[in-house]
Amino acid sequence: MKRTTSIILTLLLLLTVACKNGEQTFTLTGSIKGLTDGEALVVIPDTAHARIDTIRIRDGQFTYTLETDTTSQLLLVFPGGRLCTVFADKQTETELHADTADWEAFTLEGGTENDAWQRFRDSTRTMSPDEQRAAVKAYIGNHPFSPLGAHLLNVYYAQTPEPDYAGIEENIKLMSGKLQDNPLVQELQRYLEDVVKADTGKYVSTFRIKNKHGKYVNAYQYGGKYLLVTFWASWQPEGLELQKAIMKLKEEKKKEKVAFVNVSLDTDKQAWEDLQKRDSLPDEQTCDFAGWESTVVKRFGVTSLPQMVLLSPQRRVLLRSASLDEVEAKLDSSFRKDKEREKSKRR
């Protein structure tokens, strides 16, 4: 009798644990047209449960489950570098449908944050960038606790050719204290601190990085000259195109007082060195192979590529831009003002 009672209690305990686990399960099912078999990565960046899982895709279908007691933001990385952000919540089932021929049209259904994410994408798809940012601000203001707000802020304000740093700071103030503790929001705040140090009108006191010859390049070795610091990476087509355009600009301005330093965010030393030998790139080429963790990248507050920062001879930030036309216009304007000042001194 005692043994029977013990078995029953054990079964009840196992059932209780199973039920509890079920209450914390998130399930994602997916259908990917154009992709038969393969693997996808699931990046879970939460500090407490940070890890990378693997999804097996068979005949374009997959199922993924995650035990979670809170809402977690997942980044799915599919073959070909295709990305998709999904929010995992306990007791939630979500469906992802996508087509490799038109990846940005993927749809999500299931779960409060995922449904909100889908509605936002549908409603802003044809909007201009400014209208999309206004929609993000309205969403955060109306949903200050929503984890989706942190994602929207990152996508529409930070990860763009022209990040809106003032807008990022303004939107963070609209968030609840809990959402401001979100790892993504905290990362954006750290970037803001770096950007403020190298914002327009501020001074970049110093930086130091090795060039392709292994010698250090610093902020003040080009005394009396304007300095254009360009951040790029060989794995980004726009970066390589910009480098070729800078080479042309450098030739055009060779009689002017301006120097060029190009900082690569490459992390593969051998590949970068091979590129220097293979392609004609403008000097000065530098890289510390630390990628986004580079001290120079952080000092300049760089959050997107490519990006250029124009410094005055006194190393004051004159312009931060992804447009070479804007940089050239600012340089020409500065040259004219300098020449006018020189003429007035001679009178």
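As shown above, the structure is provided for reference.
About the criteria used
- Residues numbered from 1 in each chain as written.
- Predicted model: local features only at pLDDT ≥ 70, side-chain atom pairs only at ≥ 80, totals over all residues.
- Heavy atoms only, no water.
- Helix = DSSP H or I, 4+ residues; strand = E, 2+ residues; numbered from the N terminus.
- Buried < 20%, exposed > 50% of the residue type's maximum accessible area, 1.4 Å probe, protein only.
- Contact = heavy atoms within 4.5 Å.
- Areas by Shrake-Rupley, 256 points an atom, 1.4 Å probe, with all protein chains shown as cover.
- Pairing = 2+ DSSP bridges.
- Axes fitted to C-alpha atoms, helices over the stretch in contact; angles between N-to-C directions.
- 1 Å grid on protein atoms, 1.4 Å probe; cavity = no way out; pocket = protein on both sides within 12 Å on 5 of 7 lines; lining within 4 Å.
- Points joined across faces, edges and corners; volume = space filled by probe spheres on them.
- Nonpolar A, V, L, I, M, F, W, Y, C, P; charged D, E, K, R; others polar.
- Phe/Tyr/Trp six-rings, centres within 6.5 Å; stacked < 30°, edge-to-face > 60°.
- Salt bridge = Lys/Arg side-chain N within 4 Å of Asp/Glu carboxyl O.
- Core = buried A, V, L, I, M, F, W, Y, C linked by side-chain atoms within 4.5 Å.

What about the overall build of the protein?
Line of reasoning, step 1. Within the protein one finds eleven helices and 15 strands.
Line of reasoning, step 2. Across the 347 residues that make up the protein, the buried fraction comes to 43%.
Line of reasoning, step 3. Within the protein, residue pairs in contact and separated by at least 24 positions form 57% of the contacts whose partners lie at least 6 positions apart.
Line of reasoning, step 4. Roughly 19200 Å² of accessible area belongs to the protein as shown, and the carbon and sulfur atoms make up 51% of that amount.

A closer look at the sheet that holds strand β15 (residues 317–321)
Line of reasoning, step 1. If you trace the five strands from one edge of the open sheet to the other, you get β13-β12-β11-β14-β15, paired in mixed fashion. The open sheet has two edge strands with one neighbour each: β13 (285–286) and β15.
Line of reasoning, step 2. Looking at chain direction, strand β11 (residues 226–232) and strand β14 (residues 307–311) are connected through five bridges and run antiparallel. Bridging from a neighbouring strand, leucine 227 pairs with leucine 311 of β14.
Line of reasoning, step 3. Those strands touched by helix α11 (residues 324–346) are β11, β12 (258–264), β14 and β15, and its axis lies near 160° from that of β15.

Regarding the layout of surface pockets
Line of reasoning, step 1. The computed volume of the largest pocket comes to approximately 1800 Å³.
Line of reasoning, step 2. Surrounding the largest pocket, 50 residues form its lining, Gln73, Thr85, His151, Asn154 and Leu184 being those nearest its centre.
Line of reasoning, step 3. Secondary structure elements with two or more residues in the lining of the largest pocket: β5 (72–78), β6 (82–88), α2 (112–124), α4 (147–158), α6 (177–180) and α7 (183–197).
Line of reasoning, step 4. The residue makeup of the lining of the largest pocket, split by class, is 24 nonpolar, 19 polar and seven charged.
Line of reasoning, step 5. Computed from the structure, the second largest pocket encloses a volume of approximately 300 Å³.
Line of reasoning, step 6. Lining the second largest pocket are Gly224, Tyr226, Lys255, Glu256, Lys257, Pro313, Phe335, Asp338, Lys339, Arg341, Glu342 and Lys345.
Line of reasoning, step 7. Among the elements that make up the lining of the second largest pocket, the one with the highest residue count is α11 (six residues).
Line of reasoning, step 8. Taken together, the residues of the lining of the second largest pocket break down into three nonpolar, one polar and eight charged.

A closer look at the packing of aromatic side chains
Line of reasoning, step 1. One pass over the full model with this rule turns up nine aromatic pairs.
Line of reasoning, step 2. Taken together, a centroid distance of 6.4 Å and an interplanar angle of 50° make the contact between tryptophan 103 and phenylalanine 106 tilted. Neither residue differs from the other here; tryptophan 103 and phenylalanine 106 are each classed as buried.
Line of reasoning, step 3. Measuring from ring centre to ring centre gives 5.3 Å for phenylalanine 231 and phenylalanine 300, while their planes differ by 55°; the resulting arrangement is tilted.

Some words on the pattern of salt bridges
Line of reasoning, step 1. This structure, assessed with the given rule, holds 13 salt bridges.
Line of reasoning, step 2. As a salt-bridge pair, glutamate 39 and arginine 56 come within 1.9 Å of each other at their nearest N and O atoms. A residue pair is termed long-range when its members are at least 10 positions apart, and glutamate 39 in strand β2 (residues 38–44) and arginine 56 in strand β3 (residues 51–57) qualify at 17 residues.
Line of reasoning, step 3. Taking relative accessible area as the criterion, glutamate 39 reaches 40% and is therefore assigned partly exposed.
Line of reasoning, step 4. Salt bridges sharing common partners tie together Lys253, Glu328 and Asp332.

Observations concerning the side chain of arginine 133
Line of reasoning, step 1. One can find arginine 133 in helix α3 (residues 129–142).
Line of reasoning, step 2. The residues touching arginine 133, leaving out its near neighbours within four places in the chain, are Tyr156, Tyr157, Thr160, Glu162, Pro163 and Asp164.

Things to note about the pairing of strand β7 (residues 92–99)
Line of reasoning, step 1. With burial as the criterion, only one face of β7 is covered, namely that bearing Thr92, Thr94, Leu96 and Ala98; the residues Glu93, Glu95, His97 and Asp99 on the opposite face remain uncovered.
Line of reasoning, step 2. Where strand β1 (residues 25–33) meets β7, eight bridges bridge the pair, whose relative direction is parallel. Each residue of the ladder has a partner; that of isoleucine 32, found in β7, is alanine 98.
Line of reasoning, step 3. Of the strand pairs in this sheet, β7 and strand β8 (residues 107–109) are connected by three bridges, and their pairing is antiparallel. If you follow histidine 97 over to β8, its bridge partner there is threonine 107.

Re the pairing of strand β4 (residues 61–67)
Line of reasoning, step 1. Only one face of β4 is covered, namely the face carrying Phe62, Tyr64 and Leu66; the face carrying Gln61, Thr63, Thr65 and Glu67 is uncovered.
Line of reasoning, step 2. Two elements, β1 and β4, share seven bridges in a ladder whose sense is antiparallel. Bridging across to β4, phenylalanine 26 finds its partner in leucine 66.

Quick look at the nonpolar core
Line of reasoning, step 1. Within the largest apolar cluster, 46 residues are counted, with the highest numbers of intra-cluster contacts made by Leu74, Leu76, Phe78, Leu96, Trp117 and Ile168.
Line of reasoning, step 2. With seven residues, α4 is the single largest residue contributor to this core.
Line of reasoning, step 3. Here leucine 74 is in contact with Phe26, Val42, Val43, Ile44, Tyr64, Leu66, Cys84, Thr85, Val86 and Ala88, once residues within four sequence places are set aside.

Some details on unusual backbone geometry
Line of reasoning, step 1. The peptide bond linking aspartate 283 to glutamate 284 adopts the cis configuration, its omega dihedral lying at 10°.
Line of reasoning, step 2. Relative to the elements of secondary structure, glutamate 284 occurs in the loop between α9 (269–278) and β13.
Line of reasoning, step 3. Cis geometry is adopted by the peptide bond preceding proline 306, which originates at leucine 305 and carries an omega value of -15°.
Line of reasoning, step 4. Along the chain, proline 306 turns up in the loop between α10 (295–299) and β14.
Line of reasoning, step 5. One non-glycine residue with positive phi stands out, namely phenylalanine 289, at about 60°.
Line of reasoning, step 6. Checked against the element boundaries, phenylalanine 289 lands in the loop between β13 and α10.
Line of reasoning, step 7. A relative accessible area of 22% places phenylalanine 289 in the partly exposed class.
Line of reasoning, step 8. Even without glycine at this site, arginine 315 takes up a positive phi of about 70°.
Line of reasoning, step 9. Mapped onto the secondary structure, arginine 315 falls in the loop between β14 and β15.

Everything listed here is a matter of geometry and, on its own, says nothing about what the molecule does.
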